[in-house]
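Examination of the molecular architecture
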Amino acid sequence: MSGFAHALPSPVVVVGAGCIGLSTGVELLRRGYPVLLLAHQLPGDALSPDFASTAAGAHHLSFADASDWRQRYFDIKTFERLYRGDLHLRLLEELPDFRIHDATRVPEGIDHVVSFSSMTIEPARYLPHLVRTFASLGGIMQRVPRLASLADARKYAKAPLAIVNCTGLGACDLAEVQDKTVHPVRGQVLALRAPWIKTGWTRQVGSLSGGEGGERTYVIPRASGEVIIGGTREVDDWETQPRDATTQDIIRRALEICPSLARPPGSTEPVDLESLITGKVVGFRPTRDAGIRLEAEKVALDGKDEIVVHNYGHGGYGWQSMWGCAEEAARIVGEEVRKAGKGQPGVLIRAKL
Ligand SMILES: Cc1cc2nc3c(=O)[nH]c(=O)nc-3n(C[C@H](O)[C@H](O)[C@H](O)COP(=O)(O)OP(=O)(O)OC[C@H]3O[C@@H](n4cnc5c(N)ncnc54)[C@H](O)[C@@H]3O)c2cc1C
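Residues numbered from 1 in each chain as written. Predicted model: local features only at pLDDT ≥ 70, side-chain atom pairs only at ≥ 80, totals over all residues.

1. So, the site of the ligand
Close contacts around the ligand come from 41 residues, with Gly18, Gly168, Gly170, Gly283 and Gly318 the closest. Elements with a contribution of two residues or more to the shell around the ligand: α1 (19–30), β7 (182–193), β12 (277–288) and α5 (318–339). Of the residues forming the shell around the ligand, the biggest block, 4 residues, is contributed by β12. Of the residues belonging to the shell around the ligand, the class tally is 20 nonpolar, 19 polar and 2 charged. (Near = placed C-beta within 6 Å. Helix = DSSP H or I, 4+ residues; strand = E, 2+ residues; numbered from the N terminus. Nonpolar A, V, L, I, M, F, W, Y, C, P; charged D, E, K, R; others polar.)

Right, dumping it as structure tokens:
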């Protein structure tokens, strides 16, 4: 897909091809902007901890605080766009089939049990779908060496309408950004072949609302028959390899909340979960202390002021908030382009998401 940059005279340049960059690119295209997307890692590459979108679970389980209207909005918008069905959503109480279970009948040591219907996104399928949608709307995607600065993006588009920064963890060392409040929160998960598991389970120790703290154990079944079990939250831990002790701990916790993982249909004895493992995955959640950065900034690139719109810092909730964030990023681009008198987008194109 390289070598076509000249085909777009004044594109919006999106840097980053994770779920945030791709959804933002698609949203801009739908609003009629030409888009050139640049990234040094693209969907389809081998899994890499610093390409968080490929490593995620990724289920929709919002932990936006009741008073955090901005994050709630992003999460709700994403749910409404992806969930098959007609609904008006408030989190979590208004998720489909929400039910509070009788507190007198829950297992010892558990304070509350709720159940609801939500959804799981399979990154290995949904990222290629985003790439196809992006290309079908006329977007151009180009692999580039890791950019040292946003100014480097101008090598690929001399007069960009705007630059959208969707670099995730990369925002900590891009020259004009250098956001030192961005850091990795390491997560280790295991992929199992366990198609008999059809229900997801999550155990949260500590508060769920308002953050990602506490200990969380989850079992996330996927349509493919794969089941993701996890997880861990290791702040500022850059270890790229899975740790054996962590693997054992994840297996122990997952079996506590979902014993049927070890009970394939027809088995008389529980199976060893190790024998079901198809992958051990490590990923770095691109976490920003103050939450997502979604705003415009005028940045002098090689002496010329450019419109830069930031959309990074999605921590452990990028998949579940991506469409809300993409809409907001595209709206900000439109506002800034209009203010700068840089022209109007073309026709509105609709695509199936
Ligand atoms: C183990 C784990 C479990 C998770 N579970 C969930 C979940 O259940 N639900 C949920 O919603 N979220 C979950 N997440 C979080 C989610 O995966 C992230 O929030 C999301 O993927 C962030 O996407 P992104 O596009 O911002 O970053 P990334 O996917 O990391 O993409 C960054 C892109 O920017 C490019 N890039 C960076 N720097 C540069 C540069 N200098 N030059 C050129 N290109 C650059 C990279 O090549 C890449 O294309 C999980 C994450 C992990 C690790």
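2. A word on the UniProt feature "binding site: FAD" (unreviewed entry) in the chain
Per the UniProt record, "binding site: FAD" (unreviewed entry) is found at Val144 and Thr167. Spatially, the listed residues are clustered: although they cover 24 residues, their C-alpha atoms lie within 13.0 Å of one another. Mapped onto the fold, valine 144 is located in the loop between β5 (140–143) and β6 (162–165). With residues near it in sequence (within four places) discarded, valine 144 still touches Leu38, Ala39, His40 and Tyr156. Within the secondary structure layout, threonine 167 lies in the loop between β6 and β7. For threonine 167, a count of 30 C-beta atoms within 10 Å gives the class buried. Apart from residues lying up to four places away in sequence, threonine 167 is in contact with Val15, Gly16, Leu174 and Tyr312. (UniProt positions renumbered as here; feature names shortened; annotations may be inferred. Contact = placed C-beta atoms within 7 Å. Buried ≥ 20, exposed ≤ 12 C-beta atoms within 10 Å, placed from the backbone.)

3. With respect to the pairing of β7
Most of β7 sits inside the fold, with 10 of its 12 residues counted as buried. Sheet analysis places β7 next to β12, joined by 11 bridges and oriented antiparallel. Across the sheet, the residue bridging to valine 185 is arginine 285, located in β12. Pairing analysis gives 2 bridges linking β7 to strand β11 (residues 234–235), with the strands arranged antiparallel. Pairing of valine 185 across the sheet is with valine 235, part of β11. With 4 bridges joining them, β7 and strand β10 (residues 226–230) adopt antiparallel strand pairing. Within the sheet, the bridge partner assigned to arginine 193 lies in β10 and is glutamate 226. (Pairing = 2+ DSSP bridges.)

4. What about the pairing of strand β14 (residues 304–312)?
Counting buried residues along β14, 7 of its 9 residues qualify, which places the element largely inside the surrounding structure. Pairing analysis gives 3 bridges linking β6 to β14, with the strands arranged parallel. Note that in β14 the partner of asparagine 165 across the bridge is histidine 310. Note that strand β13 (residues 293–301) and β14 share 9 bridges and pair antiparallel. Note on β14: the bridge partner recorded for glutamate 297 is valine 308.

5. Overview of unusual backbone geometry
Residue alanine 58 follows glycine 57 across a cis peptide bond; omega there is -10°. The step from glycine 230 to glycine 231 runs through a cis peptide bond, and the omega angle for that step is 0°. In the Ramachandran plot, aspartate 302 falls in the positive-phi region, its phi being about 50° despite a non-glycine side chain. With respect to the secondary-structure elements, aspartate 302 resides in the loop between β13 and β14. With 9 C-beta atoms counted inside 10 Å, the residue aspartate 302 sits in the exposed group.

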